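Tertiary structure, described
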Amino acid sequence: MSLNRREFLGLGSTLLATSASVPTFLKQTAWAAAGQEPTSDRVLVVLQLTGGNDGLNTVVPFTNETYRKLRPKLQLADAKLHRLNDRLGLHPSLKQLKSLIDEDQAALIQSVGYPNPNRSHFESMAIWHAAPVDKKLNYKKSAYTRGGWLARAIDQRSTTAQQTESPQALNIGAGEMPKALLGSRVQVPSIQSLAQLKQNTGLFDQKTQQAQIAAWKNGAGSTSNPLLQAALQSSLAVHTTAEQIRKINPDQSTTVKYPENALAERLQLIAQLIRAGFSTPVYYTEHTGFDTHSQQLNSHRNVLGVLGRALRAFITDVNKHVPNRPVLVLVFSEFGRRVEENGSAGTDHGTAGPVFLAGSHLKPGVHGPDPDLENLVDDDPVFGVDFRSVYATILEDWLNIPSQPVLGQQFDKLDFLKTT
């Protein structure tokens, strides 16, 4: 029986649900991998703010007259801001993020964007995920970039065998797999929750399971088939992840109290996986609700509050319980919002915005130039820091991966990470 590539790759999910039926050699390899000692490698957590975060009401230029003039309803009062310096203040709901900055556990980069900005959610997020070279970006050919930037980094960092032994990245969430993780040699597993994964047995109809497993066994005889090899590797990576996670005690507790929200649950799961000894270096998750076209004040306050509280708990947790696994969190959104508010007490799609970083190896405070609100282009501030320079810094100075092979060209590094 011959299987096409889609059917082969689909077996990864099948194996998650049918561990009792997988061949013995797969289980043995998986358990061997599960017994590996925790490493001291650094961890990168990418947190995507979906919808386009309003950077000007997140890092507020409270002394700027243009900001006050163009935002008569949405401007935030000076007295309620958490001041960063004599020009900027964090949104009132970001008290916990300000505390991280004060403790040298967080930083932000102003005016991050890219040339020829795209105001489409889909297109701009795809650009951030793919990190195309200048030529493709300038000629709007970003869609032709091979794989996501994290997928290319994973392939650059590890061999296929290493990727099979232990997942090099995990997506934590119920949404679609982010394009940043698509295109690696080995399929990246996606987990919604620990409970969901542990309950996977029985998710599929038994008859369907048996048919899929039978198809897999028939295809396994064609060991010279490159598609089969790719499927085996992907399936083993997913299965290994499942076996490792099954060993985690669901009652494994932390002394850190997380707030009760979905983002905090996902970050708590990541902390739990790190504490359990997962050697996975890259985790990805998202926080939605930032597309604030109308009645922005309340909704923006809520999503920022969730972000700040969840991030505070996560950083406290990993610093306290796994100090041998330094963690860096990268928080980004696909674009900022327009400077001028619209007629619905909201803001429309803009261009550049702030990027946040959290962790114990940061040079804290504000990096990058403030948005230049006096010299707007198409009514938006021009970006001052290329997001690919942020990626280049993380690749080289955090993940120890040469950035040029991943990004396709050399970008200047930034100075937000400590050297030790």
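As the structure is a computational prediction, the values presented were derived from the model and not from experiment.

Here the protein chain averages 83 in pLDDT, and 74% of its residues register 70 or above. Confidence drops under pLDDT 50 across residues 1-40; counting only partners more than four residues distant or on other chains, this segment forms 75 contacts. Across residues 201-206, where pLDDT falls below 50, the model places 5 contacts with residues more than four positions away in sequence or in other chains.

Glancing now at the side chain of Asp317. By secondary structure assignment, the location of Asp317 is in helix α13 (residues 296-321). At 3.0 Å, the side chain of Asp317 and the side chain of Arg275 are in polar contact. Residue contacts for Asp317: discarding those within four places in its chain leaves Thr254, Val256, Tyr258, Ala271, Arg275 and Val322.

Before going further, it helps to spend a moment on the pattern of salt bridges. Counted by the stated rule, this structure contains 17 salt bridges. Asp134 is paired through a salt bridge with Arg388; the nearest N and O atoms lie 2.7 Å apart. Pair noted here: Asp134 is in helix α6 (residues 134-138) and Arg388 is in helix α14 (residues 387-397), with a separation of 254 residues, a long-range link. When the shortest N-O distance is used, the salt bridge between Lys413 and Glu396 registers 3.7 Å. With a gap of 17 residues between them, Lys413 in the segment after α15 (403-407) and Glu396 in helix α14 connect regions that are remote in the sequence. When its relative accessible area of 40% is taken as the criterion, Lys413 is described as partly exposed. For Glu396, a relative accessible area of 25% corresponds to the partly exposed category. A network of salt bridges, in which partner residues are shared, links Asp86, Arg87 and Asp370.

It is worth spelling out the sheet that holds strand β3 (residues 82-83) at this point. Across the sheet, which stays open at both edges, the 3 strands sit in the order β2-β4-β3 with antiparallel pairing between neighbours. Since the sheet does not close on itself, it has two edges, and those belong to β2 (59-61) and β3, each with one partner. The pairing of β2 with strand β4 (residues 88-90) spans 3 bridges and is antiparallel. Following the sheet pairing, Val60 is matched in β4 by Gly89.

Another point: unusual backbone geometry. The phi torsion of most residues other than glycine is negative, and most of the peptide bonds are trans. Even without a glycine there, the phi angle at Ser111 is positive, about 60°. Mapped onto the elements of the fold, Ser111 is located in strand β5 (residues 106-113). Positive phi is not limited to glycine here, since Ala131 has a value of about 50°. Structurally, Ala131 is set in the loop between α5 (121-130) and α6.

Parameters at a glance
- Residues numbered from 1 in each chain as written.
- Predicted model: local features only at pLDDT ≥ 70, side-chain atom pairs only at ≥ 80, totals over all residues.
- Heavy atoms only, no water.
- pLDDT = per-residue confidence, 0-100.
- Contact = heavy atoms within 4.5 Å.
- Helix = DSSP H or I, 4+ residues; strand = E, 2+ residues; numbered from the N terminus.
- Polar contact = N/O pair within 3.5 Å; in protein donor to acceptor, adjacent residues only side chain to side chain.
- Salt bridge = Lys/Arg side-chain N within 4 Å of Asp/Glu carboxyl O.
- Buried < 20%, exposed > 50% of the residue type's maximum accessible area, 1.4 Å probe, protein only.
- Pairing = 2+ DSSP bridges.

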